[in-house]
Amino acid sequence: MSLISVRDLVVGFDAPAGEVRAVRSVSFDLAPGERMALVGESGCGKTTTMLAMMGLLPAGAHVSGQVLLDGVDILAGGEASMRRHRWTDVAMVFQGAMNALNPVRRVGSQIVEAVRIHGGSRRAGRDRTRELFELVGLAPELAQRFPHELSGGQRQRAVIALALACEPRVLLADEPTTALDVIVQHQIVQLLRNLSESLGLAVVLVTHDLALVPQLCDRAAVMYAGSIVENASCRDLVGSPAHPYARRLVEATPDLAGRRRLASIPGVPPRLDQPLFGCPFQPRCAEAVDRCATEAPSLLDLDPDRSCACHLVGVVV
Ligand code: SF4
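Everything numeric in this text was worked out from a predicted model, so none of it was measured.

Draft legend 1. Structural view of the nonpolar core. The biggest cluster of nonpolar side chains holds 87 residues, and the ones touching the most others in it are A161, V204, A220 and V222. Top element by residues in this core is helix α6 (residues 152-163). It accounts for six residues.

In structure tokens, the structure reads:
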């Protein structure tokens, strides 16, 4: 059974030119210990999807759909319900470790505070800090340091420890390796994998870097213009992407052996504050046919393990 399921999630924001529909009917499921990635270019709706799952969208956002935790819709209960589950069931590692930590407080005290806010004692907070530092591979004395006294990798480990303070079952990791060098990136990805395996933690990795995905995740959903256009196992997605946009993403990602010639994706994603007609990828798609300009493709199951939204899938690809 799924631990968490997102069902037909739609998120819109008011804007001068009309509503920006940032997330369009996104659905996926995650079992305990499962790791999936949301992949796509900036502005495709990945982070907005995560913020909706945390109930942390800015005031004025229009949200519909369901976020089912153990089969119960936590979105339906409004802010009171989200507050009950935020951090204790579903936690998030935000982009940019420096922004996630209070720069004028020692790192350890920030974890103690998180435990206290959720009903624990100061003593329990200190014990939890020691436990978490060991779990994420940080020496206990680093708890006394301020964020600027830690290296980039140590800060990211501290942010992960902070997110785990209240023993969540789902961790949403938004670009957790941004601004880290390649070796530290690999260590952080390895840490997330180890935590997922040892704690049974379900992980959603949000990234624009497809190369990271197979290192951590079992499956990946590719998003474009607010929608999932392909959802597949990492092996299938990287080895034989079905959707033309997913293929372009794979071709634009350097593989570790440096065998692949890099290709860029021409054009830009569509504006989301204007109505979309047909397939949103059509203006950039080299394989588009006439119906792509007028008819939006639905996300259809190709087999039990893969779905794709393209008129040509099953015909040409
Ligand atoms: Fe390209 Fe048409 Fe498929 Fe869209 S539906 S990805 S435009 S071929």
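Draft legend 2. Local environment of the UniProt feature "domain: ABC transporter" (unreviewed entry) in the protein. Per the UniProt record, "domain: ABC transporter" (unreviewed entry) is found at residues 4-250. The distance from the first to the last C-alpha atom of residues 4-250 is 28 Å, and the span holds 38% helix and 26% strand.

Draft legend 3. A look at the sheet that holds strand β9 (residues 219-224). What the eight strands build is an open sheet, ordered β6-β7-β8-β3-β9-β10-β12-β11; its pairing is mixed. Where the open sheet ends on each side, the last strands, each with one partner, are β6 (90-93) and β11 (300-303). When the angles between neighbouring strand axes are averaged without regard to direction, this sheet yields 20°. Relative to β9, strand β3 (residues 35-39) runs parallel, the two sharing four bridges. Counterpart to L38 in the pairing with β9 is A221. Lying on the sheet, α6 is in contact with β6 and β7 (170-174); it crosses β6 at an angle near 165°.

Draft legend 4. Molecular detail of the packing of helix α4 (residues 107-117) against helix α5 (residues 122-135). Where α4 meets α5, the closest approach of the two axes is 8 Å, and the angle between their N-to-C directions is 125°. It follows from the interaxial angle that α4 and α5 lie oblique. When the axes of α4 and α5 are compared, the crossing they make is right-handed. Taken together, the residues of α5 that come into contact with α4 (itself represented by G108, I111, V112, V115 and R116) are R122, A124, G125, R126, R128, T129 and L132. For the contact of α4 with α5, the class distribution of residues is five nonpolar, three polar and four charged.

Draft legend 5. View of the site of the ligand. Around the ligand sit P244, C279, F281, Q282, C285, E287, A288, C292, P297, C310, H311 and L312, and that is every residue in its neighbourhood. Taken together, the residues that form the shell around the ligand break down as nine nonpolar, two polar and one charged.

Draft legend 6. Region of interest: the sheet that holds strand β4 (residues 62-69). Spatially, four strands are ordered β2-β1-β4-β5 in an open sheet, and the strand pairing comes out antiparallel. Across the chains shown, the open sheet's two edge strands, defined by having one partner strand only, are β2 (20-30) and β5 (72-73). Two strands pair when backbone bridges link them, and strand β1 (residues 4-13) and β2 are joined in this way by seven bridges, in the antiparallel orientation. Note that in β2 the partner of I4 across the bridge is L30.

Here is what the cut-offs are and how they apply
Residues numbered from 1 in each chain as written. Predicted model: local features only at pLDDT ≥ 70, side-chain atom pairs only at ≥ 80, totals over all residues. Core = buried A, V, L, I, M, F, W, Y, C linked by C-beta atoms within 7 Å. Buried ≥ 20, exposed ≤ 12 C-beta atoms within 10 Å, placed from the backbone. Helix = DSSP H or I, 4+ residues; strand = E, 2+ residues; numbered from the N terminus. UniProt positions renumbered as here; feature names shortened; annotations may be inferred. Pairing = 2+ DSSP bridges. Axes fitted to C-alpha atoms, helices over the stretch in contact; angles between N-to-C directions. Contact = placed C-beta atoms within 7 Å. Parallel < 35°, antiparallel > 145°, perpendicular 65-115°, else oblique. Left-handed = near helix turned anticlockwise from the far one by under 90°. Nonpolar A, V, L, I, M, F, W, Y, C, P; charged D, E, K, R; others polar. Near = placed C-beta within 6 Å.

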